[in-house]
Amino acid sequence: MASSVDLGDDASGTVERGLGSGPFRLGEPGVAQENDLGVVGGVLAALDQRIQVRYNMPSMTGEETASYLVHRLALAGRSDTLFTDDAITLIHDTARGFPRAVNNLAVQALLSAYTEGKPIVDETSARAAVAEVTAE
């Protein structure tokens, strides 16, 4: 009987699991950076060579992003509105609909709204989150 083994969840949004004879790679487009020969370099090259199935997760639509945020807030026990439509649109557009980026921006936007004493994340709080997350 095959068992599932979690190989990690890296910062790029990729989840890799081994099931039976080989690992599977699930993630967002652009996760694997290939060189001219189509080979991923660096410390994960040996792992990448063993990946047998690849799936690039498409980004969410704006409506899906809004539903995703409502769902994540419901899991945290919140049923009230915490993001304005403008804030959700900005988060979606900046994150390009990728769940990990949406999560990071939403958390930062919630923190921004909280520090400003706002009961809801508006576009200003979302813009502050974008500036914080994208600053290098």
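Structure: above.
Every value quoted in this text rests on a predicted model; they were computed, and no experiment measured them.

(A) Seen up close, the overall build of the protein chain. If you tally the helices and strands in the protein chain, you get five helices and four strands. Overall, the protein chain shows an N-to-C arrangement of helices and strands of β-β-β-α-β-α-α-α-α. Expressed as a percentage of its 136 residues, the buried residues of the protein chain come to 30%. Looking at the protein chain alone, contacts between residues at least 24 apart form 52% of all its contacts between residues at least 6 apart. Carbon and sulfur atoms make up 54% of the accessible area of the protein chain, which amounts to about 8800 Å² in all.

(B) Representation of the packing of helix 2 (residues 62–75) against helix 4 (residues 99–115) in the model. Remark: helix 2 packs on helix 4, axes separated minimally by 11 Å, with the N-to-C direction vectors making an angle of 60 degrees. Classified by the interaxial angle, the pair formed by helix 2 and helix 4 is oblique. Crossing geometry of helix 2 relative to helix 4 is assigned as right-handed. Each of Thr-65, Tyr-68, Leu-69 and Arg-72 in helix 2 lies in contact with helix 4, whose residues at this interface are Pro-99, Val-102, Asn-103 and Ala-106. Considered class by class, the residues forming the contact of helix 2 with helix 4 number five nonpolar, two polar and one charged.

(C) Local environment of the pattern of salt bridges. Counted under the stated rule, the structure contains four salt bridges. Here Glu-116 ties to Lys-118 by a salt bridge, and the two come within 2.9 Å at their closest N and O atoms. Take Glu-116: its relative accessible area is 39%, and that puts it in the partly exposed class. One salt-bridge network, held together by shared partners, links Glu-116, Lys-118 and Asp-122.

(D) Representation of the side chain of Ser-112 in the model. Along the chain, Ser-112 falls in helix 4. Ser-112 has contacts with Ser-125 and Ala-128, leaving out every residue within four places of it along the chain.

(E) Spotlight on the nonpolar core. The biggest cluster of nonpolar side chains holds 20 residues, and the ones touching the most others in it are Phe-83, Ile-91, Val-102, Ala-109 and Val-121. At the level of elements, helix 2, helix 3 (85–95), helix 4 and helix 5 (123–134) are the ones that each hand at least two residues to this core. With sequence-adjacent residues up to four places away left out, Ile-91 is seen in contact with Phe-83, Val-102, Leu-105, Ala-106, Ala-109 and Ala-126.

Thresholds applied
Residues numbered from 1 in each chain as written. Predicted model: local features only at pLDDT ≥ 70, side-chain atom pairs only at ≥ 80, totals over all residues. Heavy atoms only, no water. Helix = DSSP H or I, 4+ residues; strand = E, 2+ residues; numbered from the N terminus. Buried < 20%, exposed > 50% of the residue type's maximum accessible area, 1.4 Å probe, protein only. Contact = heavy atoms within 4.5 Å. Areas by Shrake-Rupley, 256 points an atom, 1.4 Å probe, with all protein chains shown as cover. Axes fitted to C-alpha atoms, helices over the stretch in contact; angles between N-to-C directions. Parallel < 35°, antiparallel > 145°, perpendicular 65-115°, else oblique. Left-handed = near helix turned anticlockwise from the far one by under 90°. Nonpolar A, V, L, I, M, F, W, Y, C, P; charged D, E, K, R; others polar. Salt bridge = Lys/Arg side-chain N within 4 Å of Asp/Glu carboxyl O. Core = buried A, V, L, I, M, F, W, Y, C linked by side-chain atoms within 4.5 Å.

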